[in-house]
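# Structure at a glance
If you want the building blocks of each chain, they are given just below.
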Amino acid sequence: YKVTESAVVEDLLKKMPGVEIDSEGKITVNGKEIKKILVDGEEFFSDDPKVASKNLPAKMVDKLQVLERRTEQAQMTGFDDGEEENVINLTVRPGMKEGLFGNAFAGYGSKQRYEANAMLNYMKDKDQYTFLGGLNNTNNAGFSDLATTMFGGMGGGRGGRGGGGMFGGSNGISTSGNLGGNFSKQFTPELKLGGNIRYGFTDNNSLSDVFTQNILSAGNTLEEEHTNANNKSQNFNMDLRLEWEPDTITRVIFRPTVSFYDNRRNETGDFFTSSEMTGDTINYGESDYSSEGKGKDMSFNLDASRELGKEGRILSVQLRGQTGDSDNSGTSISGTYYNGTRPDDLIDQRFTNAGSNQSWRGYLSYVEPIGKDNFIQLAYQYSQNRSESDKDTRSRDESGNYTVLDSLYSKRLENNFVRQELEVNFKSVREKYDYMFGFSMQPSSSRSKTFIGAEEIYDGEQKVINYSPMA
C-alpha cells in the first residue's frame, strides 16, 4: 500500500479493505474493534491503540497482521474462556530493528490551523524504547480522552432547552497535545519488563448557530438558537507489565495500572421563537452551565501458572483488583420566558455527582491430562463488586443559598454484587480438529439501596443460581 512520506499508521490502515476508522479514532476490522496495537509482538501503550495509529510512522511497517488473541488466562490453562481480543501486530522493517530512528513533522495552514508531531524509537535485540509528543488544533487527539468520556454526559439538568454538553465532544475546534514513552526490556532470558507513561490534554471550543422553521397548522414559527461551549480535559496514565519465567514450567505476569483525569466545561446559550406571520416573540430564553470534575483509577492483574510433574497438568491462579472514584460539581442556570401566556420555566441549581467502585476477583484452575491429548479442567472463581453513585442537586432557598433538594435530579445508589462460578470442562485435541464441552454453576447475589436525600426509597436483595452447559 502506497502512502505519503509523512503518513502515520492510521493513514495506512485507511487504505486496507475491511478497515474502518471513525471520527474518534476507533479502529474496526471487518466489524470487530481493535483493542491493542503490538509492535513486533510487544504491547505498545497497552490498551490505547490510538497512540500507535496516530503517532507511529507508516514507513516503519514491514507487515501488518490482524489477530484474534486469547487472554493470558486461556493461554496458561489451554482452555478457551471466550474472552478473545482483536489486536493488530506491526512487524518493523528489518533495517529499523537495530539502532535509532525517528521522524518529526510540522505544518501550518489557513484559519490558523497547525499540527506538529515527533517520535523517537530505539530498538536493539528484543529491547524497544519509544518517546513521542505532539500538538495540534486540527481535532486529531493522539490518545483516548478518558476525562471527556467520563464527564461528557454529567450535568445538573437544564430546563427548557435540553441537557448540557451537546457541543462538548468532537464538534468545534480542539487543541490537543500528548507526551509519552513506551518501553520493553528483556533483562534476562527469564525476566521481561515493559510499560508506558503518557499525558494528554484537550481544549475544545465550539460555536453553534441554528435557525429552524417549524411548519405548523396553527401558524409557522421561526426559532434561533446560539450556543458557545468550552471543554478542557487532562489525562495521565501509567501501566507496567512484568513477565517472569523462572523455569520452563512456571510463568508469572503482573500488571499494575494507574490513571488520573480532570475535566472543566462551560456552556452558555440563548434562543428566541417568533411567529412567522406576525413577527411577535412567542418565547425566549438563556442558559449558563459550568462544571468541574476529576477522577482516578488504580488496578492490578496477576496471572501465574505452573506445570505439576506431568506434561499438561497445570495449576493456574489469577487475581484482579480495581478501585476508582470520580467527582463532578457545577451550576446550571436557565430560563424560558413566555411573555405572560404561561408561567416562566426557571431553573437555578447547584449539583454534585460523585461515584466510587471497588472490585476484586480470584480464579483457580487445575488441568489434568487424560490419556493422549485429552484434558479435563476444574475451575473456581469468586468476584465482588461494590459501587456507589450519588447525584445531589440543590435549588436556592429564600435566602439565596443552595439548600433545597431537587428530588427530580437527585438520587443515591448503593450496590454490592457477589458472583461465584464452579466449572468442569473437557477438551480433546486431534491432528485436524479439536472439541471442548463443559458445565458450570454460577450462584450470585446483588444487594441494592436507593436514597433520595436522606430518605431510603428502596432496599432489595436478589439471589440467583445459573446453570450453563457449554460446547
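A brief report on the enclosed structure follows. Not measured: the values here are computed from a predicted model. (Residues numbered from 1 in each chain as written. Predicted model: local features only at pLDDT ≥ 70, side-chain atom pairs only at ≥ 80, totals over all residues. Heavy atoms only, no water.)

## Some details on the environment of Asp 81
Let me state the cut-off plainly: Secondary structure counts use DSSP, requiring at least four H or I residues in a row for a helix and at least two E residues in a row for a strand, with both numbered from the N terminus. Any pair of residues with heavy atoms lying within 4.5 Å of one another is described as a contacting pair.
Along the chain, Asp 81 turns up in the loop between α3 (72-77) and β6 (85-92). Expressed as a C-alpha distance, the spacing of Asp 81 and Thr 71, which sit 10 residues apart in the sequence, is 7.9 Å. Once you skip the residues sitting within four places of it in the chain, Asp 81 turns out to touch Thr 71, Gln 73 and Ala 74.

## Quick notes on the pattern of salt bridges
Threshold: One speaks of a salt bridge when a side-chain nitrogen belonging to Lys or Arg is within 4 Å of a carboxyl oxygen belonging to Asp or Glu. Type-normalised accessible area, obtained with a 1.4 Å probe on protein chains alone, sets the label of each residue: buried when under 20%, exposed when over 50%, and partly exposed for intermediate values.
Tallied over the full model, the rule gives 28 salt bridges. The closest approach of N and O atoms between Glu 42 and Lys 192, which form a salt bridge, is 3.1 Å. Of this pair, Glu 42 sits in strand β4 (residues 42-43) while Lys 192 sits in strand β11 (residues 191-214), placing them 150 residues apart in sequence. Across the pair, exposure class does not vary: Glu 42 and Lys 192 are buried alike. Measuring nitrogen to oxygen at the nearest pair gives 2.4 Å for the salt bridge that ties Arg 241 to Glu 72. Of this pair, Arg 241 sits in strand β12 (residues 221-247) while Glu 72 sits in helix α3; the two residues are 169 residues apart in sequence, bridging distant segments of the chain.

## Quick notes on the pairing of strand β16 (residues 345-369)
To keep things clear, this is the line we draw: Here a strand pair is declared whenever DSSP counts at least two bridges between the two strands.
In the sheet, strand β15 (residues 314-337) pairs with β16 via 23 bridges, with the strands oriented antiparallel. When the bridges of β16 are listed, Ser 326 appears paired with Gly 355. With 21 bridges connecting them, β16 and strand β17 (residues 374-396) associate as antiparallel partners. Bridging from a neighbouring strand, Arg 350 pairs with Arg 394 of β17. Between β16 and β17, which follow one another and run antiparallel, lie 4 residues, and Gly 371 among them has a positive phi close to 70°.

## Comments concerning the environment of Lys 35
With respect to the helices, strands and loops of the structure, Lys 35 is situated in strand β3 (residues 32-39). The exposure class of Lys 35 is partly exposed, given its relative accessible area of 41%. As a C-alpha pair, Lys 35 and Asn 86 span 51 residues in sequence and 5.9 Å in three-dimensional space. In contact with Lys 35, not counting residues within four places along its chain, are Ser 46, Asp 47, Asp 48, Pro 49, Glu 85 and Asn 86.

## Comments concerning the nonpolar core
Heads up, the condition is: As used here, the term nonpolar core means buried Ala, Val, Leu, Ile, Met, Phe, Trp, Tyr and Cys residues forming a set that is joined through side-chain atoms within 4.5 Å.
Phe 44, Leu 56 and Met 60 are the most contacted members of the largest nonpolar core, which totals 29 residues. When contributions to this core are tallied by element, the ones reaching two or more residues are α1 (9-14), β2 (27-29), β3, α2 (49-55), β6 and β8 (114-124). Counting residues in hydrophobic clusters, the runner-up holds 5 residues, among them Phe 79, Val 367, Phe 375 and Met 436.

## Some remarks on the packing of aromatic side chains
Let me state the cut-off plainly: Only the six-membered ring of Trp is used, alongside the rings of Phe and Tyr, when aromatic pairs are assigned; centres must lie within 6.5 Å, and planes under 30 degrees apart are stacked while those over 60 apart are edge-to-face, with the rest tilted. Charge over a ring is defined by NZ of Lys or CZ of Arg lying within 6 Å of the ring centre and within 35 degrees of the ring normal.
A complete count under the given rule lists 9 aromatic pairs for this structure. Ring geometry for Phe 254 and Phe 300: centres 6.5 Å apart, planes at 40°, overall tilted. In this pair, Phe 254 sits in strand β13 (residues 250-275) while Phe 300 sits in strand β14 (residues 281-307), placing the two residues 46 residues apart along the sequence. Classification of Phe 300 as partly exposed rests on a relative accessible area of 32%. An aromatic cluster of three or more residues is present, and its members are Phe 426, Tyr 435 and Phe 437. Sitting over the face of the ring of Tyr 338, Arg 342 holds its NZ or CZ atom 4.3 Å from the ring centroid. Here Lys 427 stacks its cationic end above the ring of Phe 79, 5.1 Å away from the centre of that ring.

## Thoughts on the side chain of Ser 259
Our working definition: By the criterion applied in these results, polar contacts are pairs of N or O atoms within 3.5 Å in which, for protein atoms, one can donate a hydrogen and the other can accept it, and in which residues neighboring in sequence qualify only through two side-chain atoms.
Topologically, Ser 259 is positioned in strand β13. Ser 259 sits in the buried class, given a relative accessible area of 14%. Among the polar contacts listed, one links the side chain of Ser 259 to the side chain of Asn 237, at a separation of 2.9 Å.

## Some thoughts on the side chain of Lys 427
Formally: In this tally, Asp and Glu contribute negative charge and Lys and Arg positive charge; neither His nor the terminal groups of the chain are included.
You can see Lys 427 is positioned in strand β19 (residues 411-429). Notably, Lys 427 is buried but unbridged: the nearest opposite-charge side chain belongs to Asp 434, and the N-O separation is 6.7 Å. In terms of polar contacts, Lys 427 uses its side chain to reach the backbone carbonyl oxygen of Gly 78, at 2.3 Å. Lys 427 has contacts with Gly 78, Phe 79, Asp 373, Asn 374, Phe 375, Tyr 435 and Met 436, leaving out every residue within four places of it along the chain.

## Considerations on a nonpolar patch on the surface
Rules: Patches here are clusters of residues that have more than 30% relative accessible area and form no salt bridge, with a 9 Å joining cutoff for like charges and a 5 Å cutoff for nonpolar side chains (Val, Leu, Ile, Met, Phe, Trp, Tyr). Methods summary: accessible areas were calculated by the Shrake-Rupley approach with a probe of 1.4 Å, and residue burial reflects only the protein chains presented.
Together, Leu 242, Trp 244, Phe 254, Phe 300, Leu 308, Leu 315, Val 317, Leu 319 and Leu 364 give the surface a local cluster of nonpolar side chains, amounting to about 680 Å² of exposed area. Among the elements that make up the nonpolar patch, the one with the highest residue count is β15 (3 residues). The class of Phe 254 is partly exposed, set by a relative accessible area of 33%.

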